[in-house]
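Structural overview
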Amino acid sequence: MIRLLRKHKDLVAWLIAFALMISFIYAYNPGRKTVLKLGVYAGSSWDVPSNDTKVLDRVIKKFEKAYPNVKVEYESGIQKSEYSQYLAEKIVQGKQPDVFVVPQDDFALLADNGALQDISSYMENQRLSKTDFYEAAYNTGVYHNALYGLPLESNPMMMCVNIDLLKKEGIQLPASLDLNQFYAICKKVTHDGQYGVAGMSWQNIGDSFGLKVFTDDGKEAHINDETFKKTINFYIKLRNLNKDYVVSSEQFDEGKVAFMPMTLAQYRTYKPYPYRVAKYSTFNWDCITMPTMLEKPQTRLNTVLLSLSSRCTNKQMGFAFMKMLCYDTTIQQEWLKSNLGASPLQSVMNSRKSEKLFGETEALKSSTIDSIMQTSYAYPLFKKKAQAEMKLDYLINQAIYNNNNNVDYAYIQQEVDQEL
């Protein structure tokens, strides 16, 4: 064999060179398409009707024009309620998408299991600044000091106010509303079939007190402590104004309620035809930041992330798509107009186009959304967050509704600890 190779060494060298040339042509053939698989679900991320489902197709078309050798594909028609299961099955099969939307409750588990790529170096290499994003939105994608996702869309919480009802009661709304003032107003307006607030949760009140139920790593819960007890006691006191009567959002719509917390996505479904025709047309209303007992208000911010698969075969191109969808101001401006949340980019929310978009109504200005986003915070994300929060909420409501407001904090602490 060695003699044969020596005899035909020129032929062997030529064959090796030919093979290398073929490999090079195959790898760098400008006609060969790179296929990026995209994981998304249909409709809005916020469980409200979506205005436009075709903006993603327009983004893909623009991306493929910028990168002619790339084709972006996605499976259409997957419902949000089925998406987590769909994604889990794809990951188990080793067929997960290259770039995919990550539900907030699944993020920590996917990052911890190695399904997501740390994109910190991609941000640094392309000199992308995290300060271009709202801090809370950006921090949603951070897990154990590594960046595993870029914020695509956020959904801040705000307080809607029936201005006419307050005027009728001779109440002047303070420039900055604290919980004590909020309670006093609710108490004053609660009479003769009208009420103070609809849809106020104990979690909303906890944010107002600066409550952090779980540690960042999710290993501990602070339930049997003073801030938590103060939160629940205030919630019970507020609830007792209505003598166990549950005030509905429809009563706010009818002008019978002074306050109602609402996410931006909920607000935006109220405005356009045909979802809520003439909603709130019978009274003047406004949107303000949530009441607080803190010097700097804080509101929990929900954010949808776009992540890069750790198994993506062309990570540079996958990140390029993420960058276009999440970091390109033109794309984000279009996404803001067509979808129902807020842009995570500060420049987009403060643009003249956004001012004009939200200026169509007197109830909400883009500057108000910017203020709320600036004071929002990223809630700790950990693997067992969804189960722990669900159990905690169940135990609190059970204690309030079934045990005559007798809350056994030590018992609830013990039960929730079992979920962590």
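Calculation notes
Residues numbered from 1 in each chain as written. Predicted model: local features only at pLDDT ≥ 70, side-chain atom pairs only at ≥ 80, totals over all residues. Heavy atoms only, no water. Helix = DSSP H or I, 4+ residues; strand = E, 2+ residues; numbered from the N terminus. Buried < 20%, exposed > 50% of the residue type's maximum accessible area, 1.4 Å probe, protein only. Contact = heavy atoms within 4.5 Å. Areas by Shrake-Rupley, 256 points an atom, 1.4 Å probe, with all protein chains shown as cover. Polar contact = N/O pair within 3.5 Å; in protein donor to acceptor, adjacent residues only side chain to side chain. Expected span 1.5 Å × (residues − 1). Core = buried A, V, L, I, M, F, W, Y, C linked by side-chain atoms within 4.5 Å. 1 Å grid on protein atoms, 1.4 Å probe; cavity = no way out; pocket = protein on both sides within 12 Å on 5 of 7 lines; lining within 4 Å. Points joined across faces, edges and corners; volume = space filled by probe spheres on them. Nonpolar A, V, L, I, M, F, W, Y, C, P; charged D, E, K, R; others polar. Axes fitted to C-alpha atoms, helices over the stretch in contact; angles between N-to-C directions. Parallel < 35°, antiparallel > 145°, perpendicular 65-115°, else oblique. Left-handed = near helix turned anticlockwise from the far one by under 90°. Pairing = 2+ DSSP bridges. pLDDT = per-residue confidence, 0-100. Salt bridge = Lys/Arg side-chain N within 4 Å of Asp/Glu carboxyl O.

A short note on the overall build of the protein
- Counting secondary structure elements, the protein contains 20 helices and 13 strands.
- Looking at the 420 residues of the protein, the share that counts as buried comes to 49%.
- Look at the contacts in the protein between residues 6 or more apart in sequence, and 76% of them connect residues 24 or more apart.
- Looking at the protein as shown, the accessible area adds up to about 21,600 Å², and 49% of this sits on carbon and sulfur atoms.

Some words on the side chain of Thr-263
- Inspection of the secondary structure assignment puts Thr-263 in strand β9 (residues 257-263).
- Overall, the relative accessible area of 12% leaves Thr-263 in the buried class.
- Within polar-contact distance, the side chain of Thr-263 engages the side chain of Asn-155 at 3.5 Å.

Regarding helix α11 (residues 226-240)
- With 15 residues, α11 extends 21 Å from end C-alpha to end C-alpha; this agrees with the ideal 21 Å at 1.5 Å per step.
- Among the residues of α11, those classed as buried are Phe-228, Thr-231, Ile-232, Phe-234, Tyr-235, Ile-236, Leu-238 and Arg-239.
- Summarising the contacts, the buried residues of α11 are in contact with α9 (179-189), β8 (195-197), α10 (202-209), α19 (385-402) and α20 (409-417).

What to know about the side chain of Asp-98
- The topology assignment puts Asp-98 in the loop between α4 (80-92) and β3 (99-102).
- A distance of 2.7 Å separates the side chain of Asp-98 from the backbone nitrogen of Lys-37, its partner in a polar contact.
- Residues in contact with Asp-98, not counting those within four places in the same chain, are Val-35, Leu-36, Lys-37, Ser-307, Leu-308, Ser-309, Cys-312 and Thr-313.

Some thoughts on the environment of Phe-214
- Its place among the elements puts Phe-214 in the loop between α10 and α11.
- Considered as a pair, Phe-214 and Leu-381 are 167 residues apart in the sequence and their alpha carbons are 9.4 Å apart.
- If sequence neighbours within four positions are ignored, Phe-214 has contacts with Glu-220, Ala-221, Tyr-379, Pro-380, Phe-382, Ala-388, Glu-389, Leu-392, Val-416 and Leu-420.

Observations regarding the nonpolar core
- Counting residues in each nonpolar core, the largest one holds 88 residues, and the members touching the most others are Phe-63, Leu-150, Phe-321 and Leu-325.
- Among the elements that line this core, the one with the most residues is helix α14 (residues 315-327), at nine residues.
- Aside from chain neighbours lying at most four places away, what touches Leu-150 is Ile-119, Met-123, Phe-133, Val-304, Leu-305, Leu-306, Phe-319, Met-322 and Cys-326.
- Within the second largest apolar cluster, 48 residues are counted, among which are Phe-182, Ile-396, Val-407 and Tyr-409.

Focus: the layout of surface pockets
- As a volume, the largest pocket reaches approximately 1,200 Å³.
- Every element with two or more residues in the lining of the largest pocket is listed here: α4, α5 (104-112), α10, β11 (299-300), β12 (302-308) and α19.
- If you tally residues by element for the lining of the largest pocket, the top one is α19, at six residues.
- Class assignment of the residues belonging to the lining of the largest pocket gives a composition of 14 nonpolar, 13 polar and nine charged.
- Taken as a whole, the second largest pocket holds about 470 Å³ of empty space.
- Looking at the second largest pocket, it is lined by 19 residues, and the ones nearest its centre are Asn-139, Val-142, Asp-216, Ala-378 and Pro-380.
- Those elements that provide at least two residues to the lining of the second largest pocket are α7 (135-139), β4 (142-143) and β13 (376-377).
- When residues of the lining of the second largest pocket are assigned to their parent elements, the largest contribution, three residues, is made by α7.
- Its residues assigned to classes, the lining of the second largest pocket shows eight nonpolar, six polar and five charged.

A word on the packing of α11 against α19
- Across the interface, α11 lies against α19 with an axial gap of 12 Å and an inter-helix angle of 50°. Taken as axis vectors, α11 and α19 run oblique relative to one another. Seen along the crossing, α11 lies across α19 with a hand that is right-handed. Within the contact between the two elements, α11 uses Phe-228, Ile-232, Tyr-235, Ile-236 and Arg-239 and α19 uses Leu-392, Ile-396, Asn-397, Ile-400 and Tyr-401.
- Counted by class, the contact of α11 with α19 contains eight nonpolar, one polar and one charged residues.

As for the sheet that holds strand β6 (residues 150-155)
- Judged by pairing direction, the sheet is mixed, and its five strands sit side by side in the order β2-β1-β3-β12-β6 without closing on themselves. Every other strand in the sheet has two partners, leaving β2 (70-74) and β6 as the edge strands with one partner each. Averaged over all pairs of adjacent strands, the angle between their axes in this sheet comes to 20°, without regard to strand direction.
- Of the strand pairs in this sheet, strand β1 (residues 34-39) and β3 are connected by two bridges, and their pairing is parallel. Pairing of Leu-38 across the sheet is with Val-99, part of β3.

Considerations on the confidence of the model for the protein
- Mean pLDDT over the protein: 86, with 87% of residues reaching 70 or higher.
- Considering only residues more than four positions removed or in separate chains, one finds that residues 1-6, a stretch of pLDDT under 50, has one contact.
- Contacts from residues 272-278, a stretch scored under 50 in pLDDT, to residues over four places away or in other chains number eight contacts.

Section: the pattern of salt bridges
- A full pass over the atoms with the stated rule returns nine salt bridges.
- The partner of Lys-391 in a salt bridge is Glu-415, with the nearest N and O atoms 3.3 Å apart. Taken together, the residues span a long stretch of sequence, with Lys-391 in helix α19 and Glu-415 in helix α20 at a distance of 24 residues.
- Assessed through its relative accessible area of 16%, Glu-415 is described here as buried.
- For Lys-391, the salt bridge goes to Glu-419, with nearest N and O atoms at 3.5 Å. Remark: Glu-419 occurs in the segment after α20 and Lys-391 occurs in helix α19; sequence separation between them is 28 residues.
- A relative accessible area of 24% places Glu-419 in the partly exposed class.
- Connected via shared salt-bridge partners are Asp-105, Asp-207, Arg-300, Lys-385 and Glu-389.

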